Amino acid sequence: MTMIQLQTDEGWFEVCEAARLTPGRGVAALLPDGRQAAVFTDRRGRTYAIDNRDPFTGAYVLSRGLLGSTAEGRLYVASPLLKHRFDLETGACLDDEAQAVRTYLTDRSS
């Protein structure tokens, strides 16, 4: 069984089985320090994790956002509330350079 892990300040944290992730859809994970991460997998099987908190509204909803990609191929999630787009690799907001979310390094383990 392959598990998805993400790296936190405390070390590696197992989120879920890789088979539970649906490409293009996110899941929320409660981290040991009480924060939440939004975890995604794309159609190529790459996994991404960012903060689940939308910095514009304070709501923990990014895991419910829609995945898309820019014309240049940058994968992003659009917040379901105000539709701001966050780059899944860098956490940068593509619609407001002053905002960003934290990203987490992810890994698959057996």
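Details of the structure are given in the entry above.
Residues numbered from 1 in each chain as written. Predicted model: local features only at pLDDT ≥ 70, side-chain atom pairs only at ≥ 80, totals over all residues. Heavy atoms only, no water.

Draft legend 1. Geometry of the packing of aromatic side chains. Scanning the entire structure with this criterion turns up one aromatic pair. Geometrically, the ring pair formed by F56 and F86 is tilted, given 6.3 Å between the ring centres and 45° between the ring planes. Of this pair, F56 sits in the loop between β5 (47-51) and β6 (66-69) while F86 sits in strand β8 (residues 85-87), and the two are 30 residues apart along the sequence. Geometry around Y76 places R85 over its ring, the cationic atom sitting 5.2 Å from the centre. (Phe/Tyr/Trp six-rings, centres within 6.5 Å; stacked < 30°, edge-to-face > 60°. Helix = DSSP H or I, 4+ residues; strand = E, 2+ residues; numbered from the N terminus. Lys NZ or Arg CZ within 6 Å of the ring centre and 35° of its normal.)

Draft legend 2. Region of the structure containing the nonpolar core. Grouped together as the largest cluster of nonpolar side chains are 12 residues: I4, L6, V15, C16, A18, L21, A29, L31, A37, V39, A49 and Y104. The set of elements that each furnish at least two residues to this core consists of β1 (3-8), β2 (11-17) and β4 (36-41). Not counting chain neighbours up to four residues away, the residues in contact with C16 comprise T2, M3, I4 and L21. With 11 residues, the next largest nonpolar core counts A38, F40, I50 and V77 among its residues. (Core = buried A, V, L, I, M, F, W, Y, C linked by side-chain atoms within 4.5 Å. Buried < 20%, exposed > 50% of the residue type's maximum accessible area, 1.4 Å probe, protein only. Contact = heavy atoms within 4.5 Å.)

Draft legend 3. Representation of the sheet that holds strand β3 (residues 26-30) within the structure. Taken in spatial order, the four strands make up an open sheet running β3-β4-β5-β9, and their pairing is antiparallel. Two strands in the sheet have a free side with no partner beyond their single neighbour: β3 and β9 (103-104). Two elements, β3 and β4, share five bridges in a ladder whose sense is antiparallel. Counted as the bridge partner of A29 is A37 from β4. (Pairing = 2+ DSSP bridges.)

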